[in-house]
There are 2 protein chains.
Amino acid sequence: MSQRSNGPYQLIYWPQIPGRGEFIRLALEEAGADYTDTAHEKDGINTVLALIDKNYEGDQSGPPPFAPPILKHGDLRISQTPNILLYLAPRLGLTPDGDAIYQVNSLALTALDGLSDETHDTHHPIASELYYEDQLEESKRRSESYRKNRLPKFLSYFERVLKPQAALGRPWLYGTTLTYADLVLFQGIDGLKFAFPRALSRLEKSGEYANVFKLYEAVKNRPRIKEYLASDRRQKYSLGIYRHYPELDDAE
Amino acid sequence: MSQRSNGPYQLIYWPQIPGRGEFIRLALEEAGADYTDTAHEKDGINTVLALIDKNYEGDQSGPPPFAPPILKHGDLRISQTPNILLYLAPRLGLTPDGDAIYQVNSLALTALDGLSDETHDTHHPIASELYYEDQLEESKRRSESYRKNRLPKFLSYFERVLKPQAALGRPWLYGTTLTYADLVLFQGIDGLKFAFPRALSRLEKSGEYANVFKLYEAVKNRPRIKEYLASDRRQKYSLGIYRHYPELDDAE
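Keep in mind it's a predicted model, so treat the numbers as computed, not measured. (Residues numbered from 1 in each chain as written. Chains lettered and ligands numbered in written order. Predicted model: local features only at pLDDT ≥ 70, side-chain atom pairs only at ≥ 80, totals over all residues. Heavy atoms only, no water.)

## Digging into the packing of aromatic side chains
For step 1, the next point in the chain: Taken as a whole and judged by the stated rule, the model has 18 aromatic pairs over all chains.
For step 2, the next point in the chain: On the basis of an interplanar angle of 10 degrees and a centroid distance of 4.3 Å, the ring pair of Phe-66 of chain A and Phe-154 of chain B is categorised as stacked. Placement of the pair is Phe-66 of chain A in the loop between helix 2 (44-51) and strand 3 (70-73) and Phe-154 of chain B in helix 5 (residues 136-167), with the two residues belonging to separate chains. Each member of the pair Phe-66 of chain A and Phe-154 of chain B is classed as buried.
For step 3, the next point in the chain: On the basis of an interplanar angle of 20 degrees and a centroid distance of 5.0 Å, the ring pair of Phe-186 of chain B and Tyr-216 of chain B is categorised as stacked. Highlighted residues: Phe-186 of chain B in helix 6 (residues 180-195) and Tyr-216 of chain B in helix 8 (residues 210-220), separated in sequence by 30 residues.
For step 4, the next point in the chain: We classify Phe-186 of chain B as buried; its relative accessible area is 0%. (Phe/Tyr/Trp six-rings, centres within 6.5 Å; stacked < 30°, edge-to-face > 60°. Helix = DSSP H or I, 4+ residues; strand = E, 2+ residues; numbered from the N terminus. Buried < 20%, exposed > 50% of the residue type's maximum accessible area, 1.4 Å probe, protein only.)

Right under this line is the structure:
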């Protein structure tokens, strides 16, 4: 493919949380791409802040980004997690050619909706500008709904996508090889295991989502992903999308 | 462009609400595309229900969709609003060629996040499976945050994107011609005018988002859009994403 490019890419994202930047990092790492990451650069945060400054109006590389993650590749600068993944996928070999990318993109968007955006709202159901402590009771209600209804709905969906694939001996969401949708699903499950360990253990043990958890393990054991997860480049979860508040998890 | 195709397309979406289907309809209408819409077909809802049935595992046209809107074009069936728009845009002439589509996609995703997904959560901040009445107090808190903080933040962002464009005499978010991002921003503002008429009137009168509201009028007056909005094909807002609950709007 003429589009193939191993980089160099520049990921521009907040330091100290894996956050939404992690979906991009996993794609770059799985492909063994050449990239830099402001999260690991001294004063890297200033690069983020300059691009989302309320007076910044963009330049020839692109309009101003609303929020990180932001990707630079040559003269192009783009933002929005699923958009960056869409751009990278054909360049990194993380999608089949042709219209298949619209299937992969749809699966990735659904995983981002259900296992990242909705997860964020479990600890910020009222307002992202308020502290968690100021929306604690609402967080408990929303988390209960998420653990009991929304999350099982999304997991059932992905299990249903994986079932006919498994019958053909394919461990991935689409086609015969790993795509970026698999990486997004992996990262969503991984973050949820940190945030809601009891609920995820219950869901895994139910056996109802066996193919989803098999895919999780398969991604985790990809040689480059395994090396990455053990490296200093993989940041610890803290106060990002995936937060561990025991009071929001299943009761013991 | 070899990709250009005026259809026929089939939009598969719920009847009786504009909902997320409306973002797709506006693209099809602006382009004068040949399309059918299950919202206007007798028993069209059964087409939606069959594709999201919990036992449906997809077929050669694609994996099962998580939710409508769903688009069929020839042998291909895809879902997820921004994904369908991404697919249609080069076919309908609603994006420039080349990497520009990643800028347009980013703008569209941001408008969908801020003026559609977050808007939905103003009346369902706790659980989408609960009635509005069962999350009324939480809805009031979330709506206040939305009207005072989130929505102005998104409008300021789009105003900032439009400012350098306006200086070049361009009314659109990106480039020299209308793109699907403009249609998404139009529909977001239109839905918000229905849902929060007092807040939108306040924001418009502030003059701080003059280019955003100019774009809104410019889209509204596109000949095909104007004809569409006056037709029976344009459905009325009711209990979809954009709901008018006076108690959630600015105080009088």
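On we go from here.
## Here we look at the UniProt feature "domain: GST C-terminal" (unreviewed entry) in chain A
For step 1, the next point in the chain: Those places that UniProt annotates as "domain: GST C-terminal" (unreviewed entry) correspond, in this numbering, to residues 105-239 of chain A.
For step 2, the next point in the chain: Annotation note: span residues 105-239 of chain A, helix share 70%, strand share 0%, distance between end C-alpha atoms 27 Å. (UniProt positions renumbered as here; feature names shortened; annotations may be inferred.)

## Quick look at the UniProt feature "domain: GST N-terminal" (unreviewed entry) in chain A
For step 1, the next point in the chain: According to UniProt, the feature "domain: GST N-terminal" (unreviewed entry) maps to residues 8-96 of chain A in the numbering used here.
For step 2, the next point in the chain: Note that residues 8-96 of chain A is 34% helix and 17% strand, and that its end C-alpha atoms are spaced 22 Å apart.

## Here we look at the layout of surface pockets
For step 1, the next point in the chain: Considered as a void within the structure, the second largest pocket measures approximately 510 Å³ in volume.
For step 2, the next point in the chain: Gln-3, Ile-101 and Tyr-102 of chain A together with Gln-3 and Tyr-102 of chain B are, among the 23 residues lining the second largest pocket, the residues nearest its centre.
For step 3, the next point in the chain: Of all elements in the fold, only helix 3 (81-92) and helix 4 (100-123) of chain A together with helix 3 (81-92) and helix 4 (100-123) of chain B reach the threshold of two or more residues within the lining of the second largest pocket.
For step 4, the next point in the chain: In terms of residue count, the dominant contributor to the lining of the second largest pocket is helix 3 of chain A (three residues).
For step 5, the next point in the chain: The class makeup of the residues in the lining of the second largest pocket is twelve nonpolar, six polar and five charged. (1 Å grid on protein atoms, 1.4 Å probe; cavity = no way out; pocket = protein on both sides within 12 Å on 5 of 7 lines; lining within 4 Å. Points joined across faces, edges and corners; volume = space filled by probe spheres on them. Nonpolar A, V, L, I, M, F, W, Y, C, P; charged D, E, K, R; others polar.)

## A word on the sheet that holds strand 4 (residues 76-79) of chain A
Residues and elements named next belong to chain A.
For step 1, the next point in the chain: With mixed pairing, the four strands of this open sheet are ordered in space as 2-1-3-4. Edge strands, defined here as strands with exactly one partner in the open sheet, are strand 2 (35-37) and strand 4. With strand direction ignored, the average angle separating the axes of adjacent strands in the sheet is 20 degrees.
For step 2, the next point in the chain: Sheet topology places strand 3 next to strand 4; four bridges connect them, and they run antiparallel. Across the sheet, residue Lys-72 finds its bridge partner in strand 4, namely Arg-77.
For step 3, the next point in the chain: Running over the sheet, helix 2 touches strand 1 (9-12), strand 3 and strand 4 and is turned about 80 degrees from strand 1. (Pairing = 2+ DSSP bridges. Axes fitted to C-alpha atoms, helices over the stretch in contact; angles between N-to-C directions. Contact = heavy atoms within 4.5 Å.)

## Section: the relation of the copies chain A and chain B
For step 1, the next point in the chain: Superposing chain A onto chain B requires a rotation of 180 degrees together with a translation of 0.0 Å along the rotation axis, leaving an RMSD of 0.0 Å. Here the symmetry operator amounts to a two-fold rotation axis. Identified as the residue of chain A closest to the rotation axis by C-alpha distance is Pro-125 of chain A, at 2.9 Å.
For step 2, the next point in the chain: Of the residues that chain A buries at the interface, 100% are likewise interface residues in chain B, meaning the two copies contact each other through the same surface. (Least-squares fit on C-alpha atoms with pLDDT ≥ 70 in both.)

## Notes on the domain arrangement of chain A
Note on interface size: it is often stated as the accessible area lost on association of the parts.
Residues and elements named next belong to chain A.
For step 1, the next point in the chain: Once the domains are mapped, chain A shows domain 1 (9-92) and domain 2 (99-222).
For step 2, the next point in the chain: A straight line from the C-alpha centre of domain 1 to that of domain 2 covers 23 Å.
For step 3, the next point in the chain: Overall, the association of domain 1 and domain 2 removes approximately 1200 Å² of surface from exposure, summing both partners, and the carbon and sulfur fraction of that is 75%.
For step 4, the next point in the chain: Between domain 1 and domain 2 we count two salt bridges in total.
For step 5, the next point in the chain: Ionic pairing is found between Asp-117 and Arg-20, a salt bridge with its closest N-O pair at 3.0 Å.
For step 6, the next point in the chain: Of all the secondary-structure elements, those providing two or more residues to the side of domain 1 that touches domain 2 are helix 1 (21-30) and helix 3.
For step 7, the next point in the chain: Counting residues per element, the side of domain 1 that touches domain 2 draws most heavily on helix 3, which supplies six residues.
For step 8, the next point in the chain: The residue makeup of the side of domain 1 that touches domain 2, split by class, is eight nonpolar, one polar and three charged. (Domains from an automatic or database assignment. Buried area = accessible area lost by both parts, 1.4 Å probe. Salt bridge = Lys/Arg side-chain N within 4 Å of Asp/Glu carboxyl O.)

## Quick word on the side chain of Gln-187 of chain A
Residue and element names in this part refer to chain A.
For step 1, the next point in the chain: By the secondary structure assignment, Gln-187 is in helix 6 (residues 180-195).
For step 2, the next point in the chain: A relative accessible area of 0% means that Gln-187 is categorised as buried.
For step 3, the next point in the chain: The contact partners of Gln-187, leaving out residues within four places of it in the chain, are Glu-22, Phe-23, Leu-26, Arg-234, Tyr-237 and Tyr-242.

## Structural notes on helix 2 (residues 44-51) of chain B
Within an α-helix, residues lying three or four positions from one another point in the same direction, as the helix has 3.6 residues per turn.
All names here are of chain B.
For step 1, the next point in the chain: For helix 2, the complete set of buried residues consists of Gly-44, Val-48 and Leu-51. The buried side chains of helix 2 occupy one side of the element, clustering within an arc of 75 degrees when seen end-on.
For step 2, the next point in the chain: Close packing links the buried residues of helix 2 with strand 1 (9-12), strand 3 (70-73) and strand 4 (76-79). (Arc of directions from axis to C-beta.)

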